[in-house]
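# Architecture and fold: a report
Residues per chain, in single letters:
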Amino acid sequence: MDGKLGGMATLRARLTAPTAIVIAILATPLLAGCSVAENVVGGVVDEAGSQLEESISDQLGGAGVSTDGELPDGFPAEAIPLVGEVQGGGSAPDSAGWVVRTVLGADERFPAAQAALDEAGYASSAVDSDSDSGFGTFTLEPYTVVLTVATDADGVVSATYIVTNKK
């Protein structure tokens, strides 16, 4: 019984940062046009970014997220269309999941990344975006992709792909 309770606590801890990011991204359109709200949302996104990296590392069994410009070992590049220049990533043991971060070009935003997944046959759900950010879940057996796109304070737009493998 203790193992199950410990697992629940770990699951809650793992979901905290991604949940904060989802709330920040989904709330952004509601706060558009308000400079105070923009500052608050910007701060939440910046803080959530560092928490996301820690959460991803935890979810991937302690694997670090690299910044070496390479795809992580075992990443199914033929099945997951990425948009942007790969900055790095990480992988879970036994190819259970991966994370990849890309930097998007001037004409690439969430809609471009979403379109690439849609064209590959992924079904989307919980999708929301604005001009600076976006979030969505995309599924095509055996993979689920959680895609987040955000613009940092310097105007750099990055995409984070969290991929789980149901095999």
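Provided above is the structure to which this section pertains.
Note that the structure is predicted; figures quoted are calculated from it, not measured.

Along the chain, the regular secondary structure elements total three helices and six strands. Expressed as a percentage of the 167 residues in the chain, the buried residues total 34%. Relative to all contacts within the chain whose residues are 6 or more apart in sequence, the contacts with residues 24 or more apart total 46%. For the chain, the exposed surface amounts to about 8900 Å²; the carbon and sulfur share of it is 55%.

Read across the sheet, six strands follow the order 1-2-6-5-4-3 without closing on themselves; strand pairing throughout is antiparallel. Two strands in the sheet have a free side with no partner beyond their single neighbour: strand 1 (85–91) and strand 3 (123–129). The mean inter-strand angle of the sheet, taken between neighbouring strand axes irrespective of direction, is 15 degrees. Pairing of strand 4 (residues 134–140) with strand 5 (residues 143–151), which is carried by seven bridges, proceeds in the antiparallel orientation. By the bridge assignment for strand 5, Thr137 is matched with Val146. Sitting on the sheet, helix 3 (residues 110–119) is in contact with strand 3, strand 4, strand 5 and strand 6 (157–165), with an inclination near 5 degrees to strand 4.

This next bit is on helix 3. When we look at burial in helix 3, the residues that qualify are Phe110, Ala113, Gln114, Ala116 and Leu117. Along the axis of helix 3, the buried positions cluster into a sector of 155 degrees, meaning they face one direction only. Directly beyond the C-terminal end of helix 3, a positive phi value near 100 degrees is found at Gly121.

Looking now at the environment of Glu70. Structurally, the position occupied by Glu70 is in the loop between helix 2 (35–59) and strand 1. Sequence separation between Glu70 and Val86 is 16 residues, and the spatial gap between their C-alpha atoms is 6.4 Å. Those residues within four positions of Glu70 in sequence are excluded, and the remaining contacts are Val86, Gly88 and Gly89.

Turning next to the side chain of Thr137. In this structure, Thr137 sits in strand 4. If we ignore the near neighbours within four places in the chain, the residues touching Thr137 are Ala123, Ser124, Ser125, Ala126, Thr144, Val145 and Val146.

So, on to the pairing of strand 4. Most of strand 4 is tucked away, with five of its seven residues classed as buried. Pairing of strand 3 with strand 4 involves five bridges; the strand directions are antiparallel. Following the sheet pairing, Ser124 is matched in strand 4 by Phe138. Hairpin remark: strand 3 followed by strand 4, antiparallel, with four residues in the connecting loop. Two successive antiparallel strands, strand 4 and strand 5, enclose a turn made up of two residues.

Our focus in this paragraph is the pairing of strand 5. Consecutive side chains along a regular strand alternate between the two faces of the sheet. Alignment of strand 5 against strand 6, held across nine bridges, turns out to be antiparallel. Within strand 6, the residue paired with Val145 across the bridge is Val163. Where strand 5 folds back onto strand 6 in an antiparallel hairpin, the turn is made up of five residues, including Gly155, whose phi is positive at roughly 85 degrees.

This part covers the packing of aromatic side chains. As enumerated under the stated definition, the model contains two aromatic pairs in all. Aromatic side chains Phe75 and Trp98 sit 6.1 Å apart centroid to centroid with 85 degrees between the ring planes, which places their arrangement in the edge-to-face category. Highlighted residues: Phe75 in the loop between helix 2 and strand 1 and Trp98 in strand 2 (residues 97–103), separated in sequence by 23 residues. Owing to a relative accessible area of 8%, Phe75 belongs among the buried residues under this scheme. Ring pairs connect the aromatic residues Phe75, Trp98 and Tyr143, which therefore count as one cluster.

What counts as what
Residues numbered from 1 in each chain as written. Predicted model: local features only at pLDDT ≥ 70, side-chain atom pairs only at ≥ 80, totals over all residues. Heavy atoms only, no water. Helix = DSSP H or I, 4+ residues; strand = E, 2+ residues; numbered from the N terminus. Buried < 20%, exposed > 50% of the residue type's maximum accessible area, 1.4 Å probe, protein only. Contact = heavy atoms within 4.5 Å. Areas by Shrake-Rupley, 256 points an atom, 1.4 Å probe, with all protein chains shown as cover. Pairing = 2+ DSSP bridges. Axes fitted to C-alpha atoms, helices over the stretch in contact; angles between N-to-C directions. Arc of directions from axis to C-beta. Phe/Tyr/Trp six-rings, centres within 6.5 Å; stacked < 30°, edge-to-face > 60°.

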